[in-house]
Each structure stands twice: as C-alpha cells, then as structure tokens.
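What follows is each chain in one-letter form.
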Amino acid sequence: MNRLERNEKLIRLALLVVAFSAVSILAVITVFIFSEGSPIMLKYGFKNFLGGLDWYPSEKSFGLLPMITGSMMVTLGALIIGVPFGLGCAVYLTEFSSKKLRRVVKPIIELLAGIPSVVYGFIGVIILVPLIRNTLGGPGLSVLAASIILGIMILPTIISISIDSLLAVPSSYREGSLALGATRWQTVKMVLLTAARSGIIASIILGMGRAIGETMAVIMIAGNAISIPGSILDPVRTLTSNIALEMGYASGEHRQALFATGVILFIIIMILNTAANITSGRRRRRT
Amino acid sequence: MHLNPRHEQKVIHFALFFCTLVTVVILFLIIVFILRKGLPVVNSKFLTANPVDMGRAGGIFSTIIGTLALTLLAILVATPLGVGTAIFLTEYTFENKITRIIRFGAECLAGIPSIIFGLFGFILFVNKLKFGWSILSGALTLAFMILPTIIRTSEEAIKSVPAAYRQVSFSLGSTKWQMVTRVVLPAALPGIVTGIILSMGRSIGETAAVIFTAGSALRIPTSLFSSSRTMAVHFYILAREGISMSNAYGTAAVLIIAILMVNIITYYLMEKFIRKYS
Amino acid sequence: MKKVVFACFCLVAIGLLSGCSKGARKELIVAGSTSIQPFADRWAEIYMKKYPDRVVNVQGGGSSAGIQASFSGAADIGTCSRELKPEEKGLTEIVVARDGLAVIVHPTNPVTGLSLEQIRDIFSGKIQSWKEISNRDKTIDVVTREEGSGTRGAFQEMVMGKVRVFKGAIVEDSNGTVREIVAGDPDSIGYISLGLVDERVKALSLDGVAATEANILINQYELVRPFLFVTCGPPSREAKNFIDFVLSEEGQNLIKMEGLIPVQSR
C-alpha cells in the first residue's frame with residue numbers, strides 16, 4: 001500500500017513539474033527579453049525611445065515612434081477591413097444560412113487560417129502591390145497593401161470566435177424576439193449582437209493581436225521605410241519588421257534596442273490578450 | 001431614410017451573403033492561383049532532387065527533409081510536455097490557484113508573436129547555448145510555440161472521456177496512473193492526435209521563428225546540429241529574391257497541399273472523435 | 001505508454017549522439033553578405049562535387065551578421081561585402097573577389113546615366129521627382145538596403161559620404177529583393193551588386209562611365225568593393241581548404257563567368 005501511494009505521489013509531482021513547463025518557458029522568455037531590453041530604455045529614457053522620430057542605429061539614435069505608428073496604422077487598417085467582413089460573415093453563417101451551409105463553410109474558412117503568412121505576403125507582392133501602384137500611385141509597398149493582406153489574415157480569427165459567441169446565445173433570445181414580430185435582422189441587430197458582444201469584442205481583440213504580431217507578410221509588402229507614413233500609399237515599417245530586418249547582425253546597444261522593441265511588442269500583446277480574456281470571461285460568468 | 005424592416009432585411013441579407021462570398025472566394029482564389037502556377041512544376045523529380053544553383057534549378061528534396069525533421073522533433077519535445085500538463089490539469093488536481101497560473105502561462109505563450117520566439121531562440125539556442133543555426137535550435141523554438149495548442153487540445157480530449165470509464169477502472173482496482181495510461185489516454189487519443197496534427201500544420205508554415213534559428217542552408221541536414229531550410233523558408237527566399245518564380249510557385253504548391261491535407265485529416269479526426277462521444 | 005516514452009527518448013538520444021559523435025559541427029558554415037551568398041553557394045556546390053565527403057553550408061543575413069557570426073563562432077567563415085570597420089579589424093580577412101556596385105533602374109526608364117552628386121541627392125531625398133532629371137513627372141521610389149548590409153555600407157561610404165539616405169526610402173534585406181522591386185516599378189531606383197545585374201534591370205552609368213567589369217578593370221568605374229572572407233583567428237583546417245579552393249584558378253574562373261572580378265587582377 002505504501003509503495004503504491006509513494007509512486008502515485010511521485011507521479012503527481014513529476015506531472016506538476018511538467019505542467020509548469022509552459023509557465024516556465026513563458027517566464028524565461030519574459031525575463032530574457034525584459035532583461036536584455038530594459039537597460040537601454042532606461043538609459044535613453046522612455047520618452048526618447050518611444051517618442052523619438054529617428055531610428056538610425058549606426059549613429060546611436062533609437063527612436064521607435066515611426067514603427068509604433070506603423071504598427072498601429074497597419075493594425076487599424078486591418079481591423080477596418082477585417083471586422084466588417086468577418087462579422088458580416090459570422091452573422092450570415094449563424095443567422096441567415098442553413099446549418100448545412102455553415103458546416104461546410106466554417107471549416108473552409110478555418111483553412112484560410114492555415115495558409116502560411118509568407119504565401120499571403122507573396123500574393124500581396126505579386127497581385128496587390130502592382131495593382132495599388134498602377135491604380136492609386138506610390139510604390140505600391142504601402143500601408144494600404146499591408147492593411148488589406150492583414151485584414152484577410154485575421155478574418156478566420158474574427159469569424160470563428162464570433163460564430164461561437166453567436167451560437168452560444170440561448171435560442172430563447174431569438175425566439176422571444178421573433179415572437180414579438182421582429183425580423184431576423186432586427187433580432188440580430190438589437191438582441192443577438194448585444195448578447196454576444198463580449199465574445200465578438202474578444203475576437204476583434206485577438207484579431208488585433210494577430211495583426212500586430214505578424215511579421216513575414218508585412219516585411220514583404222509594407223516597404224519598411226523608417227519614416228512615419230504621410231498617407232496610406234506610403235511605405236511603412238512595423239515593430240515586428242524592425243526586429244526581423246535587423247536582428248541578424250545587431251550587436252551591443254543596437255541589439256538591446258531590438259530587444260526593447262520586443263519588450264514594447266510583448267507588453268502590447270499581453271495587454272490585448274488579457275483584455276480579450278476578461279471580455280470573454282465576463283460572458284462566461286454571466287451565462 | 002427609414003426603410004421598411006422587411007426591405008431592410010433583404011438588403012442586409014444580401015450584404016451579409018456578399019461578405020461570406022468574398023471571404024470564401026478570396027480563399028479559393030489564393031489556393032487556385034498558387035496551385036495553377038505551381039502544380040505544373042511539381043513532379044517526382046521536383047520532389048526528390050536537391051536544389052541546385054541557390055534553388056534556381058533542381059528540386060526541393062532537402063527542404064522537405066528539413067521541414068520533416070524540424071516538425072517531428074518539435075512534436076517529440078512538445079507532446080510529452082503538453083500531454084503531461086493536460087493530464088495534470090484534468091486528473092491530478094482541482095481548479096485552484098496553481099491551475100490558473102498554469103493556464104495563464106499557456107495562454108500567454110499562445111499569444112506571443114512568432115518573431116519574438118525567433119528572437120529568443122536566436123539569442124538563446126543559436127548564440128548563448130552555441131547550438132548554432134541548427135535543426136535543434138529550430139525544433140526547440142517551434143516546440144515552445146506549439147506547446148499551448150497541444151495543451152489545449154489534449155485537455156479537451158481528456159475531459160471528454162466519460163467519467164464512467166474512470167469509475168469502472170477504479171472499481172477494478174487500478175491505480176490512478178494505470179487508469180490514466182491504460183484507459184483515459186487511449187480513449188482520448190484521437191483528440192490528442194488531432195492537436196498534434198494541427199500543430200504540425202502550423203509548424204510547416206512557420207517562417208519567422210525558423211529562419212533565425214534553423215538557418216537557411218540548402219543541403220540535406222546530416223545531424224541535429226546541421227542548419228537546414230524548410231519549405232516555407234525556401235519559398236520565402238525564392239520569391240523575395242526572384243531567384244526562380246516557377247520554383248517558388250512549385251514550393252508554395254507543395255506547402256499548400258501539405259497544409260490542406262493536414263486540415264482535412266484534422267477535420268475528419270475531430271468528426272470521428274465528436275461522434276464517438278456524443 | 002511507458003514503452004512509447006522510452007522509444008521517444010531513445011530516438012532523441014540517437015539523434016543527439018549522431019551529431020555529437022562526429023563532432024558538434026562537421027560541416028563548414030559560411031554566413032553573411034547576401035551579395036556574396038549566391039557566389040559562395042556556387043563555390044560550395046563545385047567544392048562539394050570535387051570533395052564529396054566535405055559539406056559547406058551557405059547562409060545569408062547580411063555582412064554585419066556574418067561578422068557577428070564570425071566573432072561568436074556561429075559561422076566558421078563570415079562573408080562581408082565592404083571594408084571592415086576599425087572595431088572589426090580583429091578578424092582575419094581574406095579578399096576573395098572584387099565587385100562593382102551598380103545603381104539600377106527599371107529597363108523602361110529613359111535615364112541611362114547620372115552623376116555621383118545626382119545619385120547622392122536622389123537617395124538623400126533632395127531630388128524627389130524624375131522630372132528634375134528627365135521628362136517624367138513621377139515621384140522617385142528610392143530603394144535601399146538594411147543598415148547591416150555590406151552593400152549599403154559600401155554605398156554609404158562611396159556615394160553618400162556623410163549624408164544620410166532619406167527616411168522615406170523603401171528598405172529591403174537582400175540584393176535579390178531590391179532587384180525584384182526595381183524590376184517591377186518603373187519609377188524606382190536602387191543599388192545592387194554588379195554581379196547580380198541581369199536583363200530585368202538597367203545599370204546606370206556613373207559620371208559617364210558605364211558600369212561594366214571592363215571599366216572596373218581599367219579603374220574607370222569607381223564604385224568597387226572587396227568581397228571578404230573573415231575568420232576569428234586563423235582559419236580552421238576545413239575553412240582553409242575551402243578558402244584555398246576559392247582562391248585557386250578554378251574558383252576564380254568560376255566567378256569571372258558570373259560577373260565578379262577575380263582577386264588577382266588589379
């Protein structure tokens with residue numbers, strides 16, 4: 001008896017250690033990035049670092065503002081494109097289409113999520129960039145191109161989670177509204193979207209997180225210029241591209257500055273993730 | 001302008017249908033475009049010959065090996081950790097502070113952008129631990145990236161095994177560990193395997209984390225410490241530098257087909273699993 | 001279950017051991033400049049055909065990355081397409097070829113040549129439209145390389161001097177990518193290794209001198225930079241074997257065919 005109990009206790013301990021692997025890895029990554037990136041932010045001051053307009057590492061100038069603006073503009077653009085189409089698609093598939101159609105189309109949309117980002121970037125370069133250059137002007141490598149491609153990339157996230165949220169709304173809500181004489185769209189507009197609000201917001205926040213964190217597609221189509229874009233047709237560099245372009249050779253303070261870029265990125269994503277968790281948690285606790 | 005609600009609905013209905021149509025059509029266009037330009041290039045020679053002249057000629061064999069090696073090793077590392085975590089969370093503890101911390105850790109890990117993993121892997125594995133650009137560095141980095149997915153899917157799979165299975169096992173006198181390994185895990189296997197295959201799909205397409213840790217060497221890797229190029233990295237380099245557009249399309253076609261197959265297998269496995277327990 | 005876990009451990013152990021038993025790295029890693037990369041890869045291909053038991057792996061990353069990798073040991077040979085900076089002089093450097101730097105535009109661009117000053121003004125943002133040079137009223141799309149690029153370093157040193165490339169310039173991380181962009185955009189201008197110029201782009205003449213190998217050999221075309229192989233300390237035996245091949249007549253003839261200037265002829 002005692003030996004069996006002891007074995008079981010050992011197994012439990014071993015599993016506990018294993019279970020902490022995910023947390024430990026996260027902790028290691030966090031500690032690593034913060035320890036490498038913080039000294040330089042403290043040295044140059046947050047204001048200079050975050051608000052500086054000049055990224056010129058060979059002259060020790062580490063202003064991240066153009067890249068922060070770049071990331072924000074491109075993400076906003078992605079949301080402008082991705083949210084209407086994504087939500088529209090989700091509402092159509094849950095409220096207006098047959099169940100059979102949804103069962104066929106939902107996995108197809110999830111396939112969109114599986115396409116590698118480099119393929120998206122490639123399509124952007126081959127098709128979208130020349131199109132923008134020839135019809136709207138500018139080099140084609142632009143905020144607009146990045147926004148469109150990123151918007152397409154975040155569609156599966158928004159659609160999937162919104163569909164789940166809409167399906168989770170009790171059918172009594174729908175039936176009650178229809179019984180009162182509302183049309184399906186009025187039901188959606190006034191009842192369902194409100195009821196599923198937290199899940200939908202969570203999906204949008206997660207889509208934001210995906211857009212901000214995307215690297216390969218953006219490097220290929222955004223142009224990577226280190227200035228703040230004046231229009232959506234101008235080239236732009238995001239925080240992620242900044243790291244990827246210069247990581248291979250950066251040393252000393254330059255490398256620390258890239259880690260600091262990573263820290264900023266990390267913090268933004270953590271805030272977004274926590275926000276998404278809180279908003280979807282609120283839904284879970286209410287129903 | 002106040003529309004009659006019925007008319008409003010007709011318009012909206014069309015608009016929403018349009019959104020869905022656009023989404024699905026975009027997907028089809030992308031896949032058809034790549035396959036149409038890429039499939040003609042793919043033949044048995046393309047798949048079995050090595051790249052020649054920086055990829056301008058020859059095939060993609062070494063990149064297929066690289067992709068397989070990286071993916072398999074990543075899964076080998078992440079699966080014990082992930083399944084172990086899932087077992088712990090479901091069988092060996094109640095919902096308390098510890099489980100919340102573990103779950104929080106896994107979810108945060110899931111949200112970290114791939115470039116940060118690449119940065120981390122580059123500094124830690126390639127430089128500090130002196131593994132250099134290697135399959136080992138790349139696989140370890142990928143393993144960290146897919147860990148949250150495996151934890152999540154394994155946990156769901158284990159949770160859906162009916163309580164009756166466990167009770168019967170105990171009533172027959174088994175220990176907890178025997179119950180887990182001989183009853184629960186085999187029953188949850190399809191769900192767990194689904195998670196693994198899903199992670200495979202993600203690893204196959206991953207570029208940012210891989211290019212900075214496994215490098216981009218063109219030869220067939222000879223050991224874990226060899227640098228190696230994956231199909232995704234190869235495609236990226238071919239396409240970016242205009243080395244050979246036709247080979248780029250061919251590589252992309254192989255990539256897309258591999259991922260399509262992964263998704264289809266995942267879908268059918270999940271259907272089978274859901275049907276089994278509902 | 002236990003058997004499966006055990007089998008997994010065995011597989012991993014075998015994998016690790018197979019790497020260790022023959023030495024943690026038995027292949028030569030050559031990493032760095034994207035300008036040198038295609039040529040290094042060519043050398044490696046022929047070298048490995050000649051000596052089937054030797055393995056050479058060529059990576060990119062940029063000249064500064066190659067220097068870093070050389071210092072850190074991640075690469076056996078770092079490649080660099082510019083002169084070493086004073087703080088990098090601790091490395092052993094070997095010139096393996098010389099390469100011209102070509103300023104390129106789209107083949108349909110009517111401009112065929114510029115002065116050094118015009119190029120500097122374009123890249124610094126002083127001249128913003130093609131109409132100041134030819135008749136077309138189009139904004140110039142300037143393409144430059146990333147900071148760690150040897151090509152950019154050479155360009156900065158030889159053309160820009162103290163003047164910065166302007167902020168709004170498009171930045172790409174390899175010669176091939178710059179060539180692709182210029183080949184696709186009729187209003188663009190960029191600079192790449194002369195050896196990589198092909199029919200998709202047009203190389204401009206500089207102050208009236210055409211960008212050709214012939215003109216470099218007679219010292220007329222001035223934008224020339226060395227291709228360096230660098231090692232931390234004296235090269236290892238495998239590295240020396242490879243370097244000897246590269247500097248041999250066979251190796252130098254190889255690159256002459258590809259458009260580089262062999263190191264012997266000065």
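As a convention, each chain's residues are numbered from 1 in the sequence order in which they are written. Chain letters start at A and ligand numbers start at 1, both assigned in the order the entries are written. Only residues with pLDDT of 70 or above have their local features reported here, since the model is predicted, and side-chain atom pairs are shown and tallied only from 80 upward, although totals for entire chains, interfaces and linings are computed over all residues.

Trainee: In this structure, what is going on with the overall build of chain C? I would like to understand it.
Mentor: Where helices and strands are cited, they refer to DSSP runs of H or I of at least four residues and of E of at least two residues respectively, numbered from the N terminus. Helix and strand content of chain C: 9 helices and 11 strands. Any residue surrounded by 20 or more other C-beta atoms within 10 Å of its C-beta is treated as buried, while 12 or fewer makes it exposed and the intermediate range makes it partly exposed; C-beta atoms here are placed from the backbone. Within chain C, the fraction of its 266 residues that count as buried is 50%. Contact between two residues is assigned when their C-beta atoms, built from the backbone, lie within 7 Å. Within chain C, contacts between residues separated by at least 24 positions form 74% of all contacts whose residues are at least 6 apart in sequence.

Trainee: It is not clear to me how the overall build of chain B should be interpreted in this structure. Could you clarify?
Mentor: In terms of regular secondary structure, chain B is built from 11 helices and 2 strands. Along chain B, helices (α) and strands (β) appear in the sequence α-α-β-β-α-α-α-α-α-α-α-α-α when read from the amino end. Expressed along its principal axes, the backbone C-alpha trace of chain B runs to roughly 70 × 65 × 35 Å. Every one of the 278 residues in chain B was classed for burial, and the buried ones make up 54%. In chain B, once contacts between residues fewer than 6 apart in sequence are set aside, the share between residues at least 24 apart is 74%.

Trainee: Would you take a moment to explain the domain arrangement of chain C for this structure?
Mentor: For interface size, the figure often reported is the accessible area lost on association. All names here are of chain C. Domain extents, as shown, originate in an automatic or database domain assignment. By domain assignment, chain C separates into domain 1 (5-99 + 226-265) and domain 2 (100-217). Computed over C-alpha atoms only, the centres of domain 1 and domain 2 are separated by 29 Å. With 18 residues of domain 1 at the contact, the number on the domain 2 side is 17 residues. Looking at which element gives the most residues to the side of domain 1 that touches domain 2, the answer is helix α3 (residues 63-72), with 3 residues. Broken down by class, the residue content of the side of domain 1 that touches domain 2 amounts to 5 nonpolar, 10 polar and 3 charged. In this classification, the charged set is Asp, Glu, Lys and Arg, the nonpolar set is Ala, Val, Leu, Ile, Met, Phe, Trp, Tyr, Cys and Pro, and all remaining amino acids, among them Gly, are polar.

Trainee: Whenever I open this one, helix α8 (residues 184-195) of chain A confuses me. Can you help?
Mentor: One turn of an α-helix holds 3.6 residues; hence residues three or four places apart share an orientation. Listed in full, the buried residues belonging to α8 of chain A are Trp185, Thr187, Val188, Leu192 and Ala195 of chain A. Along the long axis of α8 of chain A, the arc covered by the buried residues comes to 130°, so they all point the same way. Buried residues along α8 of chain A sit against α3 (65-96), α6 (143-168), α7 (171-179) and α9 (197-213) of chain A together with α1 (5-38) of chain B. The arc in question is traced by the directions running from the helix axis to the C-beta atoms.

Trainee: What am I meant to see in the interface of chain B and chain A here?
Mentor: Each partner contributes to the interface: chain B provides 65 residues, whereas chain A provides 60 residues. Those elements that provide at least two residues to the side of chain B that touches chain A are α1, α3 (61-91), α4 (97-111), α5 (114-128), α6 (135-159), α8 (176-205), α10 (231-241) and α11 (245-277) of chain B. Looking at the side of chain B that touches chain A element by element, the count peaks at 18 residues for α1 of chain B. Residue classes in the side of chain B that touches chain A are distributed as 46 nonpolar, 14 polar and 5 charged.

Trainee: I would appreciate a short explanation of the packing of helix α1 (residues 2-44) of chain A against α4 of chain B in the present structure.
Mentor: Packed helices, taken two at a time, are described by the angle between their axes plus the distance between the axes. Only the stretch in contact is used when fitting a helix axis, every axis being a line fitted to C-alpha atoms; angles between N-to-C directions are given from 0 to 180 degrees. Contact geometry of α1 of chain A with α4 of chain B gives a least axis separation of 8 Å together with a crossing angle of 50°. Accordingly, the angle class assigned to the pair α1 of chain A and α4 of chain B is oblique. Pair α1 of chain A / α4 of chain B crosses with left-handed handedness. Here Ala19, Phe20, Ala22, Val23, Ile25 and Leu26 of chain A of α1 of chain A lie close against α4 of chain B, whose contacting residues are Ile101, Ile102, Gly105, Ala106, Cys108 and Leu109 of chain B. Counted by class, the contact of α1 of chain A with α4 of chain B contains 11 nonpolar, 1 polar and no charged residues. These descriptions rest on fixed angle ranges, namely under 35 degrees for roughly parallel, over 145 for roughly antiparallel, 65 to 115 for roughly perpendicular, and the rest for oblique. Crossing handedness follows the turn of the near helix against the far one: under a right angle anticlockwise gives a left-handed crossing, and clockwise gives a right-handed one.

Trainee: Please explain the nonpolar core as it appears in this structure.
Mentor: What tends to happen in soluble globular proteins is that the nonpolar side chains get buried as a cluster. Residues and elements named next belong to chain A. We define the nonpolar core as any set of buried residues of the types Ala, Val, Leu, Ile, Met, Phe, Trp, Tyr and Cys, connected via C-beta atoms lying within 7 Å of each other. The biggest cluster of nonpolar side chains holds 257 residues, and the ones touching the most others in it are Ala145, Ile149 and Ile221. Broken down by element, this core gets its largest block of residues, 16 residues, from α6. Excluding anything up to four places from it in sequence, alanine 145 contacts Gly124, Leu128, Val129, Ile132, Gly140, Ile221 and Ala222.

Trainee: Can you help me understand the packing of α1 of chain A against α5 of chain B in this one?
Mentor: Between α1 of chain A and α5 of chain B, whose axes approach to 11 Å, the crossing angle comes to 80°. Classified by the interaxial angle, the pair formed by α1 of chain A and α5 of chain B is roughly perpendicular. Here Ile29, Phe32 and Ile33 of chain A of α1 of chain A lie close against α5 of chain B, whose contacting residues are Ile116, Phe120 and Leu124 of chain B. Its residues assigned to classes, the contact of α1 of chain A with α5 of chain B shows 6 nonpolar, no polar and no charged.

Trainee: Honestly, the domain arrangement of chain B in this entry has me stumped. Any pointers?
Mentor: All names here are of chain B. We note that the domain assignment places domain 1 (5-41) and domain 2 (44-276) within chain B. Relative to domain 2, the C-alpha centre of domain 1 lies at a distance of 30 Å. Counting residues at the interface gives 7 residues for domain 1, matched by 8 residues for domain 2. For the side of domain 1 that touches domain 2, the residue count by class is 5 nonpolar, 1 polar and 1 charged.

Trainee: Even after reading the chapter, I still don't get the pairing of strand β8 (residues 188-193) of chain C, so can you show me in this structure?
Mentor: Regular strands have side chains that alternate between both faces of the sheet. Residues and elements named next belong to chain C. Counting buried residues along β8, 6 of its 6 residues qualify, which places the element largely inside the surrounding structure. Only strands joined by at least two bridges in the DSSP assignment are considered to pair. Pairing of strand β4 (residues 92-105) with β8, which is carried by 5 bridges, proceeds in the antiparallel orientation. Looking across to β8, one finds that valine 103 is bridged to tyrosine 191. Where strand β6 (residues 141-145) meets β8, 2 bridges bridge the pair, whose relative direction is parallel. The residue bridging valine 142 from the neighbouring strand is isoleucine 189, located in β8.

Trainee: Help me understand unusual backbone geometry, please; the structure alone is not making it clear to me.
Mentor: Excluding glycine, residues mostly carry a negative phi; peptide bonds, for their part, are mostly trans. A positive phi angle, close to 60°, is found at asparagine 224 of chain A, a residue other than glycine. Within the fold, asparagine 224 of chain A resides in the loop between α10 (216-221) and α11 (239-246). Look at asparagine 224 of chain A and you get buried, because 27 C-beta atoms sit within 10 Å. Phi is positive for asparagine 219 of chain C, close to 60°, though the residue is something other than glycine. On the secondary structure map, asparagine 219 of chain C appears in the loop between α7 (213-217) and β11 (224-231).

Trainee: Would you explain the pairing of strand β2 (residues 56-61) of chain C in this entry?
Mentor: Residue and element names in this part refer to chain C. Most of β2 is tucked away: 6 of the 6 residues are buried. Burial along β2 is two-sided: Val56, Val58 and Gly60 and Asn57, Gln59 and Gly61, pointing in opposite directions, are all buried. Sheet topology places strand β1 (residues 28-32) next to β2; 5 bridges connect them, and they run parallel. Each residue of the ladder has a partner; that of valine 30, found in β2, is valine 58. Every crossover in which the path from the first strand over the helix to the second runs clockwise, viewed with the strands pointing away from the viewer, is termed right-handed. Running through helix α2 (residues 37-50), the crossover from β1 to the neighbouring parallel element β2 is right-handed.

Trainee: Just checking my understanding: could you explain α6 of chain B for this structure?
Mentor: Residue and element names in this part refer to chain B. In this model α6 runs 34 Å from its N-terminal to its C-terminal C-alpha over 25 residues, within 8% of the 36 Å that 1.5 Å per residue would give. Within α6, the axis deviates most sharply at isoleucine 146, by approximately 40°, and proline proline 148 lies no more than four positions further along. Counting buried positions along α6 yields 22 of 25 residues, so the element is predominantly enclosed. By definition here, a helix of n residues has an expected span of 1.5 Å times n minus one. Take the seven residues that end at a residue and the seven that start at it, fit an axis to each, and the angle between those axes is the bend at that residue.

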